[in-house]
Amino acid sequence: MSNRRKFVKQSILSSAAMLVGKNLFAHSAPRTEFTPVTVKDNPIVISTWDFGKAANEAAWQVLGKGGRALDAVEKGVMVPEADPNNQSVGYGGRPDRDGHVTLDACIMDENSKCGSVAFLEHIMHPISVARMVMEKTPHVMLVGEGALQFALENGFKKQNLLTPKSEAEWKEWLKTSKYKPVNNIENMLPGGEKNHDTIGMIAMDGAGNMSGACTTSGMAYKLRGRVGDSPIIGAGLYVDNEVGAATSTGVGEEVIRIVGSHLVVELMRQSHTPEDACRLAVERIVNRNPAAAKDIQVGFLALNKKGEYGAYALQKGFSYAVKTGKNSTVEQAGYHFK
Ligand code: ASP
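Residues numbered from 1 in each chain as written. Predicted model: local features only at pLDDT ≥ 70, side-chain atom pairs only at ≥ 80, totals over all residues. Heavy atoms only, no water.

Draft legend 1. Highlighting the environment of Gly-310. For Gly-310, the position within the fold is in strand β10 (residues 309-313). Linking Gly-310 and Ile-46, residues 264 residues apart in sequence, is a C-alpha distance of 9.5 Å. Residues contacting Gly-310, with those up to four places away along its chain left out, are Pro-274, Glu-275, Cys-278, Phe-300, Leu-301 and Ala-302. (Helix = DSSP H or I, 4+ residues; strand = E, 2+ residues; numbered from the N terminus. Contact = heavy atoms within 4.5 Å.)

In structure tokens, the structure reads:
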């Protein structure tokens, strides 16, 4: 059935639901061919941190023309990936402790199809490689040299991603470093900059379909070979087109331990609002190890099938960007440690 016909059928079902005053947002309904939606404001795109705003604008070039959420999230996150001034994603990302920029990314669509790359070097747009893994292979995840080989065989160009600025900062770090991986301290870099930040993006298109993308250079000065939550489906990103989607940023090890994004989506399935679901996931991290949680940042961002969104973090300072047909804003997430 064409998307157009699906959309018309969805609209009819949604209107019918509104007429009879029934909420068809069925949390445990079996997967059906048509998932009726009651969308407040779709299309909509949300993404982590202030730099998500520019990424959302790029995503909107797809969504605003009636394009597919999957295309929108790929286009959107390509903006920070290509930005040398963004030192936590793609080109210009801070290297591992040995001076190598290594990238993690994943993407997931409305049919639960997903693709991922981890520990990938020399490729500016890991998100597009992840999409190709999803669309052109029977696998979900490729890592390291295999991921690079796959990318090169599929036309991606090998590039030096270490910019002079990131190289100079790394060399400065080496002077005092004892080669301990620093993965739990915000504001540890000269000038008080953060040592990590990922872009996670979720979109719902005009047909009510959701997709997500997540891409990062991971923790600055991490051990060589370290992979965080961002390319792990269920940890850094999860999309369930019947319920909603979630993504995460912050110390990936903590997110992996609770399979964070999947947890947020499951909490939304149990009728929690997006913000509440994010808060409960944050509290899961705190309850597991309160002492450790005090010194780190983790943030979750979520969108449900009704077009409602929300976020929550361990610490103050987690911002996220929201774009709809009416507005483009940056909002501050609630946080646990007051
Ligand atoms: N979650 C990313 C990682 O652990 C880093 C970040 O978002 O700050 O690699």
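Draft legend 2. Structural context of helix α6 (residues 164-176). What α6 keeps buried is the set Ser-166, Glu-169, Trp-170 and Trp-173. The buried residues of α6 all sit within an arc of 100 degrees when viewed along its axis, so they share a single face. Exposed residues lying more than 90 degrees from the buried face of α6 are Pro-164 and Lys-175. (Buried < 20%, exposed > 50% of the residue type's maximum accessible area, 1.4 Å probe, protein only. Arc of directions from axis to C-beta.)

Draft legend 3. The confidence of the model for the protein, seen in detail. Here the protein averages 87 in pLDDT, while 82% of its residues score no lower than 70. Confidence drops under pLDDT 50 across residues 181-192; counting only partners more than four residues distant or on other chains, this segment forms 30 contacts. (pLDDT = per-residue confidence, 0-100.)

Draft legend 4. View of the pattern of salt bridges. As enumerated under the stated definition, the model contains 17 salt bridges in all. A salt bridge links Glu-167 to Lys-171; the nearest nitrogen and oxygen atoms lie 3.1 Å apart. With Glu-167 and Lys-171 both in helix α6 and four residues apart, the pair spans about one turn of that helix. Using a relative accessible area of 45% as the deciding quantity, one classes Lys-171 as partly exposed. Across the salt bridge formed by Glu-254 and Arg-288, the nearest N and O atoms sit 3.0 Å from each other. Taken together, the positions of Glu-254 in helix α7 (residues 252-257) and Arg-288 in helix α9 (residues 274-288) put the pair 34 residues apart, joining distant regions of the chain. Counted as one network, the salt bridges with shared partners bring together Asp-71, Glu-74, Arg-131 and Glu-135. (Salt bridge = Lys/Arg side-chain N within 4 Å of Asp/Glu carboxyl O.)

Draft legend 5. Just unusual backbone geometry, in detail. Phi at His-122 is positive, roughly 70 degrees, even though this residue is not glycine. With respect to the helices, strands and loops of the structure, His-122 is situated in the loop between β3 (114-120) and α4 (126-136). We note that Val-259 has phi near 45 degrees; this positive angle belongs to a residue other than glycine. Within the secondary structure, Val-259 sits in the loop between α7 and α8 (260-269).

Draft legend 6. Up close: the packing of α4 against helix α5 (residues 144-153). In contact at an axis separation of 10 Å, α4 and α5 are set at 85 degrees when each is read in the N-to-C sense. By the criterion of interaxial angle, the relationship of α4 to α5 is roughly perpendicular. Seen from α4, the contacting residues are Val-129, Met-132 and Val-133; seen from α5, they are Ala-147, Phe-150 and Ala-151. Looking at side-chain class alone, the contact of α4 with α5 contains six nonpolar, no polar and no charged residues. (Axes fitted to C-alpha atoms, helices over the stretch in contact; angles between N-to-C directions. Parallel < 35°, antiparallel > 145°, perpendicular 65-115°, else oblique. Nonpolar A, V, L, I, M, F, W, Y, C, P; charged D, E, K, R; others polar.)

Draft legend 7. The arrangement of the sheet that holds β10 in detail. Ordered by their spatial adjacency, five strands build an open sheet running β7-β8-β9-β10-β13, and the pairing between neighbours is mixed. Sheet topology places β7 (237-240) and β13 (334-335) at the edges, where each strand pairs with a single neighbour. Where β7 lies against strand β8 (residues 244-250), four bridges are found, and the strand directions are antiparallel. If you follow Leu-237 over to β8, its bridge partner there is Thr-247. Strands in contact with α8 are β7, β8 and β9 (298-304); relative to β8, the strand with the most contacts, it is inclined by about 145 degrees. Seen against the sheet, α9 touches β9 and β10 and runs at an angle of roughly 20 degrees to β10. (Pairing = 2+ DSSP bridges.)

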